[in-house]
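# A look at the structure
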Amino acid sequence: MTSPGFSFDVTHRLDGAGGRAGVIHTPHGDIETPAFVVVGTKATVKAVLPEAVADLGAQAVLANAYHLYLQPGADIVDEAGGVGRFMNWPGPTFTDSGGFQVMSLGAGFKKVLAMDTKGLADDDVIADGKERKAHVDEDGVTFKSHLDGTPHRFSPEVSMGIQHQLGADIIFAFDELTTLMNTRAYQESSVERTHRWAERCLAEHGRLTAERAGKPHQALFGVIQGAQYEDLRRQAARGLAELEAGGRGFDGFGLGGALEKENLGTIISWMVDELPEDKPRHLLGISEPDDLFAAVERGADTFDCVNPSRVARNAAIYTADGRYNVNTARHRRSFMPLEEGCDCYTCTHYTRAYLHHLFKGKEMLSSTLATIHNERFTVRLVDRMREAIKAGEFYAFRDEFLGRYYATSSR
Ligand SMILES: [Zn+2]
């Protein structure tokens, strides 16, 4: 059963794999999939006006429950009419559950994907010099704010309450994040705990949906964990696909947690095998071209990642020929666009020499212009994958794109 105001239609399928193209319908508009969702952590895509975010082709924005809970407070966003209205973004919105931020504080790490874990298996790995700031128990997570050190507690019910106040079209169940360094035994108990939390999220979501009748309907995605283990990934996916509360199951699924880069496609396949065809799947936190191709091929529908904008603010520019740094001296007199043939606002109006000058001068406009290009590059890449699926040319497009992208990493 689908929720009122929310549904998903698969329109095209990829031969020989789980990939597909489709349309997610939300109360704030449609998302043609596969689609890259731009991240606006604190209800702003850093340095860029919402109009520019729309102009670069983004269909949806994802904000973070953790950050908005700490500041300004989810109640203020609720009073403003939800995160979309608060930030002047009229289109579809997502919020994550806050679990990733809360628990990555606990482990003191940032990079989950492609983490080098050889020889490590420790349930209490803490990066050098980091204080452990979060503790997980059966009921939830206690953590300290990264802003002022004050103590806070998230549980499945708290996360649902915050995400209902934030009012995004697509919200996520509160899951326990593990790392590839946790032991097998810990991963097993964590998958079971995440399942119990998913049940509680579904029940609380139903209660809040009834209590807040009259608000635009919010779709809830369950989040699948299980790290690098096939049996755990399958068990977790199957368990969430079967869950129901009050006659309603999850509206879609988040493919979450620690993923080994080299096995990304395989791990996605395990989960997709166990999930219903007619519900969308969001892969949390990836944007590198090879990862996007692998994930789209295996049946992930939407993606989000902070990387395109984060690296843009450090002068790293994505192009079809790989990434380069516009800060380096050879771009001082380069009166060409950031990327030849790019249709973004930055590339159609400015040169590398100008961007080089802005970065050297630490001008704020450097972040704005570089972010517009990198987000456009990533959104457009996934748009082109969608078109290639529809045209029956996905594999040819993949081989051509990746061959060129990884042929050289700098110019
Ligand atoms: Zn561009």
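Here, every reference points to the structure presented above.
Residues numbered from 1 in each chain as written. Predicted model: local features only at pLDDT ≥ 70, side-chain atom pairs only at ≥ 80, totals over all residues.

Take the sheet that holds strand β10 (residues 170-172) next. An order of β4-β5-β6-β10-β11-β12-β13-β14 is seen for the eight strands of this closed barrel, with the pairing classed as parallel. The average angle at which neighbouring strand axes cross in this sheet is 30 degrees, direction not considered. Direction of pairing for β10 relative to strand β11 (residues 219-224): parallel, over a ladder of three bridges. Residue I171 lies in a different strand from β11, and its bridge partner there is L220. Packed on one face of the sheet, helix α8 (residues 230-242) meets β11 and β12 (252-255) and runs near 160 degrees to β11. (Pairing = 2+ DSSP bridges. Helix = DSSP H or I, 4+ residues; strand = E, 2+ residues; numbered from the N terminus. Axes fitted to C-alpha atoms, helices over the stretch in contact; angles between N-to-C directions. Contact = placed C-beta atoms within 7 Å.)

Two faces, one strand: in a regular strand the side chains alternate between the faces of the sheet. With four bridges connecting them, strand β15 (residues 316-319) and strand β16 (residues 322-325) associate as antiparallel partners. Its bridge partner lying in β16, T319 is registered against G322. Hairpin geometry of β15 and β16 is characterised by an intervening segment of two residues between the two adjacent antiparallel strands.

Turning to the sheet that holds strand β7 (residues 134-136), a few remarks are in order. Within the open sheet, the three strands sit side by side as β7-β8-β9. Their pairing is antiparallel. Strand pairing shows two members of the sheet lacking a second neighbour, β7 and β9 (151-154), which therefore form its edges. In this sheet, neighbouring strand axes are inclined to one another by 15 degrees on average, regardless of whether the strands run parallel or antiparallel. Direction of pairing for strand β8 (residues 141-144) relative to β9: antiparallel, over a ladder of four bridges. Considered in β9, the bridge of F143 is made with H152.

This next bit is on helix α9 (residues 264-274). The set of residues buried in α9 consists of L264, I267, I268, W270, M271 and V272. Residues of α9 that are buried make contact with β11, α8, β12, β13 (281-284) and α10 (289-298). (Buried ≥ 20, exposed ≤ 12 C-beta atoms within 10 Å, placed from the backbone.)

Here we take up the nonpolar core. Of all hydrophobic cores here, the largest spans 115 residues; its most connected members are V37, V61, L166, A173, F221, A295 and F303. No other element matches helix α14 (residues 365-391), which puts ten residues into this core. Once residues lying within four places of it in the same chain are set aside, the contact partners of L166 are A63, A65, L68, A74, V77, G82, V83 and T95. (Core = buried A, V, L, I, M, F, W, Y, C linked by C-beta atoms within 7 Å.)

Here we take up unusual backbone geometry. Across the junction of T33 and P34, the peptide omega takes the value 0 degrees, indicating a cis bond. Mapped onto the elements of the fold, P34 is located in the loop between β3 (29-33) and β4 (35-39). Here the amide bond leading from Q71 into P72 is cis, since omega sits at 10 degrees, within 30 degrees of zero. Positive phi outside glycine occurs at A43, with the angle close to 60 degrees. In this structure, A43 sits in the loop between β4 and α1 (50-55). Of note in this structure, N88 is not a glycine but carries a positive phi near 60 degrees. Assignment of secondary structure puts N88 in the loop between α4 (83-86) and β6 (93-96).

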